[in-house]
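These are the residues of each chain, in order.
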Amino acid sequence: MPNALNIVVCAGISPDPLQTLEPTSTPTGPGLKNEMVLPAVLDPWAASALYEAAALAAKNPGSKLWLVSLGPKAKLQQVMMTIAQKVLFELVPIDGPIGGFPDAHSTAAAIAETIAALPGIDRAKLLLFGGWESATRGAGVTLQIVGERLGITDQFYGVDQIDLRDGGSFEVLERIEGGRHQVSVCAGTPAVLGWATGNLAEPRNNPQVGMSNMRTIMPALQKAKQATIAANGLRYVSVSLPKQQRTTRVVKDLTPDQIAAELVEWIGAE
Amino acid sequence: METILVLTHADETGATLTKASLEAITAGQQLATGLSAQLTIGIVSSDATHLSKGLPSARLLAVSGEAIAQPRYATDAAACEAICRAAAATIVLAPSSSRFARVSAGVAHRLNGSIDTHITNLNVAAIGDTATIEATRWFYRQRIEAVLTRDARPWFMLLDTGTNEPFAGVMNTTAVEEVKVELHVGRTTVVGIRAPKQDEQTI
């Protein structure tokens with residue numbers, strides 16, 4: 001098994017994108033109104049990372065896949081009901097706060113500590129996966145700090161493709177400016193890959209995979225360690241919804257050419 | 001008193017600084033003026049000697065060499081770390097380019113600092129006798145806007161492109177100070193750029 005990998009996917013949970021979000025104040029800082037009752041999903045880019053990881057593990061026999069997720073246990077359980085049916089993994093839950101407002105540095109510390117303590121993990125064969133940004137904080141820093149804390153200095157972000165080669169080296173496509181990809185070759189594991197969308201479709205729900213996963217997910221959730229996420233000197237001055245800007249003008253009897261000319265003039269001025 | 005460092009890098013040709021870097025310099029200048037702070041500009045480029053022309057009067061630090069001609073985590077992080085240590089900066093501004101977004105959080109961690117990214121606005125607010133930096137950024141994919149501040153230093157902030165005018169000002173006569181750092185190319189090699197075909201159907 002020359003390419004047997006230890007893949008750890010870091011994935012948070014975020015509110016369903018169709019939900020209306022309203023900021024509110026909580027005793028621990030800003031949060032979302034009714035956050036605990038909003039339907040949640042696995043963070044979209046991190047979900048891409050999970051599907052890519054599962055495909056990679058399937059192609060390389062002997063590989064192992066962990067899903068490390070920080071969030072309130074009840075929300076994690078709700079999200080796992082769906083995600084567990086997609087691909088085979090071992091859940092490593094961390095009981096902690098939900099949302100994008102807690103500090104990324106403290107979050108990364110809790111995740112790195114958990115990964116370092118995973119029983120049976122071979123750090124020389126480690127591929128640390130996650131989304132390049134979350135749909136909550138959207139900062140793109142947590143995975144990088146986790147990588148640093150684990151001493152990994154081969155890191156790639158905005159990844160859309162990984163091709164593992166014989167001998168353990170791999171080629172990575174990272175998104176860069178101008179809709180292009182930077183192509184890099186890394187000599188081998190360990191490495192950190194922050195995924196963009198990748199190339200794989202969302203796997204279909206497979207009830208058998210779900211049942212197999214749930215046998216380990218429920219005990220893991222019960223044993224989830226609680227993480228305290230310190231503010232690390234971060235203070236919010238204000239948290240608000242963006243102000244709507246609408247300047248409507250009622251105009252009659254303009255020809256299509258006049259409307260087009262006005263639009264061109266307006267776009268030019270912008 | 002704050003010391004402000006603006007990290008910049010050359011474009012793919014290596015001949016000029018990127019537009020986003022020049023925008024970060026504008027933001028750095030404004031912040032330095034607001035805080036009456038010292039401004040330092042750091043340049044990451046294979047050859048920084050000709051890049052200092054056209055920059056504002058400030059201390060200029062550079063890490064140069066063939067090893068950082070290619071954007072990659074190991075070398076870029078080491079270069080940025082060396083510049084930050086040489087500048088002893090408390091505030092580090094950098095453009096949200098793919099190159100700096102790849103390494104800035106790691107560098108902030110190495111320096112025991114903090115980082116916030118996708119900053120769209122910087123403001124200096126006076127709280128009593130103390131001037132505080134307030135940064136604006138989006139959360140939940142541009143659905144919630146927050147203004148935040150941090151006590152921890154150094155504080156790294158990655159500025160979104162298009163939020164400041166690119167710097168275009170007086171010519172600089174300051175010499176570039178080369179920061180010595182051992183850059184290990186490591187295990188990653190950049191082999192090229194892949195661009196979609198002009199006529200490629202994306203739908």
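Going by the structure above, here's the rest.
Owing to the predicted nature of the structure, the values given are computational and were not obtained by experimental measurement. (Residues numbered from 1 in each chain as written. Chains lettered and ligands numbered in written order. Predicted model: local features only at pLDDT ≥ 70, side-chain atom pairs only at ≥ 80, totals over all residues. Heavy atoms only, no water.)

1. Side note on the packing of aromatic side chains
This model, assessed by the stated rule, comprises seven aromatic pairs over all chains. Grouping aromatic residues by their ring pairs yields a cluster made of A:Phe101, A:Tyr236, B:Phe139 and B:Tyr140. Positioned over the ring face of B:Phe139 is B:Arg137, at 4.6 Å from the centre of the ring. In this structure, B:Arg141 packs its charged tip against the face of A:Trp45, placed 4.6 Å from the ring centre. (Phe/Tyr/Trp six-rings, centres within 6.5 Å; stacked < 30°, edge-to-face > 60°. Lys NZ or Arg CZ within 6 Å of the ring centre and 35° of its normal.)

2. Here's the deal with the side chain of B:Ser21
All names here are of chain B. When you line up the elements, Ser 21 lands in helix H1 (residues 19–35). Of the polar contacts made by the side chain of Ser 21, one reaches the backbone nitrogen of His 9; its length is 3.2 Å. Those residues within four positions of Ser 21 in sequence are excluded, and the remaining contacts are Thr 8, His 9 and Pro 95. (Helix = DSSP H or I, 4+ residues; strand = E, 2+ residues; numbered from the N terminus. Polar contact = N/O pair within 3.5 Å; in protein donor to acceptor, adjacent residues only side chain to side chain. Contact = heavy atoms within 4.5 Å.)

3. Some details on the packing of helix H2 (residues 73–87) of chain B against helix H3 (residues 98–110) of chain B
Residues and elements named next belong to chain B. With their axes 9 Å apart at the nearest point, H2 and H3 run at an angle of 55° to one another. As summarised for this structure, H2 and H3 are arranged oblique, according to the angle between their axes. Note on packing geometry: the crossing formed by H2 with H3 is right-handed. Contacts between H2 and H3 pair Tyr 73, Asp 76, Ala 77, Ala 78, Cys 80, Glu 81, Cys 84 and Arg 85 from the former with Arg 99, Phe 100, Arg 102, Val 103, Gly 106, Val 107 and Arg 110 from the latter. Here the residues of the contact of H2 with H3 sort into eight nonpolar, one polar and six charged. (Axes fitted to C-alpha atoms, helices over the stretch in contact; angles between N-to-C directions. Parallel < 35°, antiparallel > 145°, perpendicular 65-115°, else oblique. Left-handed = near helix turned anticlockwise from the far one by under 90°. Nonpolar A, V, L, I, M, F, W, Y, C, P; charged D, E, K, R; others polar.)

4. Comments concerning helix H1 (residues 44–59) of chain A
Residue and element names in this part refer to chain A. The first and last C-alpha atoms of H1 sit 23 Å apart over 16 residues, in line with the 22 Å expected at 1.5 Å per residue. With 12 of 16 residues buried, H1 lies mostly within the body of the structure. For H1, the complete set of buried residues consists of Trp 45, Ala 46, Ala 47, Ser 48, Ala 49, Leu 50, Tyr 51, Glu 52, Ala 53, Ala 54, Leu 56 and Ala 57. (Expected span 1.5 Å × (residues − 1). Buried < 20%, exposed > 50% of the residue type's maximum accessible area, 1.4 Å probe, protein only.)

5. Considerations on the interface of chain B and chain A
If you look at the interface, chain B gives 46 residues, while chain A gives 62 residues. Across the chain B to chain A interface the summed buried area is about 4600 Å²; carbon plus sulfur atoms make up 49%. Applying the counting rule to chain B against chain A returns seven salt bridges. Salt-bridge contacts for A:Glu174 lead to B:Arg102; the nearest nitrogen and oxygen are separated by 2.8 Å. Counting the contacts that link chain B with chain A gives 38 residue pairs in polar contact (both at pLDDT 80 or more). Looking at the side of chain B that touches chain A, the elements with two or more residues in it are H2, H3, strand S5 (114–127), strand S6 (130–139), strand S7 (144–150) and strand S10 (188–194) of chain B. For the side of chain B that touches chain A, the element with the most residues is H3(B), which contributes nine residues. Here the residues of the side of chain B that touches chain A sort into 20 nonpolar, 14 polar and 12 charged. Pairing of strand S11 (residues 180–186) of chain A with S10(B) involves six bridges; the strand directions are antiparallel. Note on S10(B): the bridge partner recorded for A:His181 is B:Arg194. (Buried area = accessible area lost by both parts, 1.4 Å probe. Salt bridge = Lys/Arg side-chain N within 4 Å of Asp/Glu carboxyl O. Pairing = 2+ DSSP bridges.)

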